[in-house]
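A closer look at the structure
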Amino acid sequence: LSGSGQQIPAEAVNDDYCDCTDGSDEPGTGACAGQEAKEIPELLYFCKNERSRQRYIYPSRVNDGICDCCDGSDEWLDSEGTCQNACDEEGRGFREAERERLDTWQHGTAKQRRLLIELD
């Protein structure tokens, strides 16, 4: 299924057990959800997701009618344009959270510096 040469019996497809490393034997179940995708990036589809977070998805999720990549690139056969690019909006939340994390870190290090100066 994945093109890796691995062969599985037909009854192993959608049997709620992830037999293939890329999850291609389970397109209709969630059996392969949660696998660490970065372990096998050469077997996965890469979502560039400019202005948001890049990610990998299973090939079985490409052109399945569901917009998994915020840029819609995983649904390239969709002639109706169902998947609009939502990366800027999605990425805004990520950027705001990162900005808050950085502000907290900067505040903490400034306080640490003040305390160290007071100790001298």
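Residues numbered from 1 in each chain as written. Predicted model: local features only at pLDDT ≥ 70, side-chain atom pairs only at ≥ 80, totals over all residues. Heavy atoms only, no water.

Some words on the overall build of the chain
Applied cut-off: What counts as a helix is a DSSP run of H or I of at least four residues, what counts as a strand is a run of E of at least two, and both are numbered from the N terminus. Type-normalised accessible area, obtained with a 1.4 Å probe on protein chains alone, sets the label of each residue: buried when under 20%, exposed when over 50%, and partly exposed for intermediate values. Each accessible area value is a Shrake-Rupley result obtained with a 1.4 Å probe; residue values ignore everything except the protein chains displayed when judging cover.
The secondary structure content of the chain amounts to 1 helix and 2 strands. Counting only residues that meet the buried cut, the chain has 24% of its 120 residues in that class. Only carbon and sulfur atoms are counted for the fraction: they give 50% of the accessible area of the chain, which is about 8600 Å².

What to know about the pattern of salt bridges
Convention followed: For salt bridges, the criterion is a side-chain nitrogen of Lys or Arg within 4 Å of an Asp or Glu carboxyl oxygen.
Following the criterion strictly, the structure yields 5 salt bridges and no others. Close ionic contact of Lys 48 with Glu 50 constitutes a salt bridge, the shortest N to O distance being 3.6 Å. For Arg 95, the salt bridge is made with Asp 88, and the minimal N-O distance between the two is 3.3 Å. With relative accessibility at 27%, the residue Arg 95 sits in the partly exposed group. The exposure class of Asp 88 is partly exposed, given its relative accessible area of 33%. Residues joined by salt bridges that share partners form a network here, namely Arg 51, Asp 88, Arg 92 and Arg 95.

Quick notes on the side chain of Asp 74
Put simply, the test is: The sign given to each residue is positive for Lys and Arg and negative for Asp and Glu; His and the chain ends receive no count. Here a polar contact means two N or O atoms within 3.5 Å. Within protein one must be a hydrogen donor candidate and the other an acceptor candidate, and residues neighboring in sequence count only if both atoms are side-chain atoms.
Here Asp 74 shows up in the loop between strand S2 (55-57) and helix H1 (87-119). Despite its burial, Asp 74 remains without a salt bridge, the nearest opposite charge being carried by Arg 55 at 7.7 Å. One polar contact links the side chain of Asp 74 to the main-chain amide nitrogen of Asp 68, over a distance of 3.0 Å.

What to know about the state of the cysteines
A covalent bond between the sulfur atoms of two cysteines is referred to as a disulfide. Basically, it comes down to this: By definition, disulfides here are pairs of cysteine sulfur atoms that lie within 2.5 Å.
For the structure shown, the criterion picks out 3 disulfides. In this model, Cys 67 is linked to Cys 83 through a disulfide, with the two sulfur atoms separated by 1.9 Å. With the S-S bond torsion at -90 degrees, the cross-link from Cys 67 to Cys 83 turns out left-handed. You can see Cys 67 sitting in the loop between S2 and H1 and its partner Cys 83 sitting in the loop between S2 and H1, a full 16 residues away along the chain. For Cys 67, a relative accessible area of 38% gives the class partly exposed. Covalently, Cys 70 is tied to Cys 87 through a disulfide, its sulfur atoms 2.0 Å apart. Its S-S torsion of about 100 degrees marks the bond between Cys 70 and Cys 87 as right-handed, since a negative value means left-handed. Here Cys 70 is found in the loop between S2 and H1, whereas its partner Cys 87 is found in helix H1, with 17 residues between them in sequence.

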